[in-house]
Amino acid sequence: SDTKVMTCAAVWRMPKELESGSHESPDDSSSNTQTLELLCHLDNTAHGNMACVMWEPMGDGKKIISLADNNILLWDLQESSDKAVLSSSTALEGKGQLKFTSGRWSPHHNCTQIATANDTTVRGWDTRSMRQIYCIENAHGQLVRDLDFNPNKQYYLASCGDDCKVKFWDTRNVTEPVKTLEEHSHWVWNVRYNHSHDQLILTGSSDSRVILSNMVSISSEPFGHMVDDDELSDQEDQHQEEKIKEPLQDSVIATYEEHEDSVYAVEWSSADPWLFASLSYDGRLVINRVPRALKYHILL
């Protein structure tokens, strides 16, 4: 608009045929292109450019949070869904031009917490009071690019940034990260926990690589699956005890180098826990699977 780039946000409805659970295969409708229905714009004229939009992780899909410049905005989609009402907001106070880069809505604590990133700082907020509940200053040496909550451990949060690092935090004590990964050689744009097996972490970077890591020591199953003692024979029992005594190994499982340009997005499939996709600046979308040996190691 007038040679100025504006970033805005809107809510759209997908066609009924594309909703999950519908039996039509996508090919059936390839002849007639489906159009999305625009429900409403999230009006940001008073708040500045939108950095990101997040649905409430649980619940009825009526609540959205957007980050616009230095504002956190909580929207309520009315019953008709064609109007978004701003139900509460707060602004980041401080010196200079503060702007949010990304955010994540926690699936824990009844969905009353979000985490945001601005510059090198990560902050936690309570969505009921819109007050800050924790602050990790200088979480990274340079800009923080992305955040993700562990889906199974309620206080664990991952962050990544331009210092090439991925860090894992316990939000109850934010003085030091619990773990740090330093496998990438350029900015890390994305970090994603696997929805089912939270030891599996995906990261994507401008070094054109996607890295799959196994962070078992800080996962919800640090000793693997717990086996009931009654189910084990003596021999198995002994073997199991030896296994538990083995030190926990956090490791890089695989490095994927199919991209020839910066990887800007990585995402796990919401339907298959062993499937993930990555997208790079050159427009290449790559879909990969977790190595079979690791899959069986986790399951068995």
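Residues numbered from 1 in each chain as written. Predicted model: local features only at pLDDT ≥ 70, side-chain atom pairs only at ≥ 80, totals over all residues. Heavy atoms only, no water.

Caption draft 1: Expanded view of the pattern of salt bridges. Within the structure shown, the criterion is met by 11 salt bridges. A salt bridge links Asp-146 to Arg-192; the nearest nitrogen and oxygen atoms lie 2.8 Å apart. With Asp-146 in strand E11 (residues 144–149) and Arg-192 in strand E15 (residues 188–193), this residue pair connects regions lying 46 residues apart in the sequence. Classification of Asp-146 as buried rests on a relative accessible area of 6%. Of the charged contacts, one joins Asp-207 and Arg-209 as a salt bridge, the two residues approaching to 3.2 Å between their closest N and O atoms. Residue Arg-209 is classed as buried on the basis of its relative accessible area, which comes to 19%. If you follow the salt bridges from partner to partner, you end up with Asp-146, Arg-192 and Glu-267 in one network. (Salt bridge = Lys/Arg side-chain N within 4 Å of Asp/Glu carboxyl O. Helix = DSSP H or I, 4+ residues; strand = E, 2+ residues; numbered from the N terminus. Buried < 20%, exposed > 50% of the residue type's maximum accessible area, 1.4 Å probe, protein only.)

Caption draft 2: Structural detail: the environment of Trp-274. Here Trp-274 is to be found in the loop between strand E19 (263–268) and strand E20 (275–280). Sequence separation between Trp-274 and Asn-194 is 80 residues; the distance between their C-alpha atoms is 8.5 Å. Once residues lying within four places of it in the same chain are set aside, the contact partners of Trp-274 are His-197, Leu-200, Asn-288, Arg-289, Val-290, Lys-295, Ile-298 and Leu-299. (Contact = heavy atoms within 4.5 Å.)

Caption draft 3: A look at the UniProt feature "repeat: WD" (unreviewed entry) in the chain. When the UniProt feature table is mapped onto this chain numbering, "repeat: WD" (unreviewed entry) sits at residues 137–173. Split by type, residues 137–173 is 0% helix and 46% strand. Its first and last C-alpha atoms lie 13 Å apart. (UniProt positions renumbered as here; feature names shortened; annotations may be inferred.)

Caption draft 4: Spotlight on the layout of surface pockets. Roughly 380 Å³ of internal volume is contained in the second largest pocket. Contributing to the lining of the second largest pocket are 17 residues, with Pro-57, Arg-104, Trp-105, Asp-148 and His-195 lying nearest its centre. For the lining of the second largest pocket, the secondary-structure elements that each account for two or more residues are strand E3 (50–55), strand E7 (102–105), E11, E15 and E19. The residue inventory of the lining of the second largest pocket, partitioned by class, reads 10 nonpolar, three polar and four charged. (1 Å grid on protein atoms, 1.4 Å probe; cavity = no way out; pocket = protein on both sides within 12 Å on 5 of 7 lines; lining within 4 Å. Points joined across faces, edges and corners; volume = space filled by probe spheres on them. Nonpolar A, V, L, I, M, F, W, Y, C, P; charged D, E, K, R; others polar.)

Caption draft 5: Representation of the sheet that holds E19. Strand order in this open sheet of three strands is E19-E20-E21, and the pairing throughout is antiparallel. Each of the sheet's edge strands pairs with one partner strand only, and the pair in question is E19 and strand E21 (285–289). Direction aside, neighbouring strands of the sheet carry axes that sit 20° apart on average. With five bridges joining them, E20 and E21 adopt antiparallel strand pairing. Residue pairing in the sheet places Ala-277 in a bridge with Ile-287 of E21. (Pairing = 2+ DSSP bridges. Axes fitted to C-alpha atoms, helices over the stretch in contact; angles between N-to-C directions.)

Caption draft 6: Expanded view of the sheet that holds strand E14 (residues 179–181). The sheet built from four strands is open, its strands ordered E11-E12-E13-E14 with antiparallel pairing. Here the strands that pair on one side only, and so sit at the sheet edges, are E11 and E14. For this sheet, the mean inter-axis angle between neighbouring strands, taken without regard to orientation, is 20°. Inspection of the sheet shows E11 paired to strand E12 (residues 156–161) by five bridges, in the antiparallel sense. From the neighbouring strand, Asp-148 faces E12, where its bridge partner is Ala-158.

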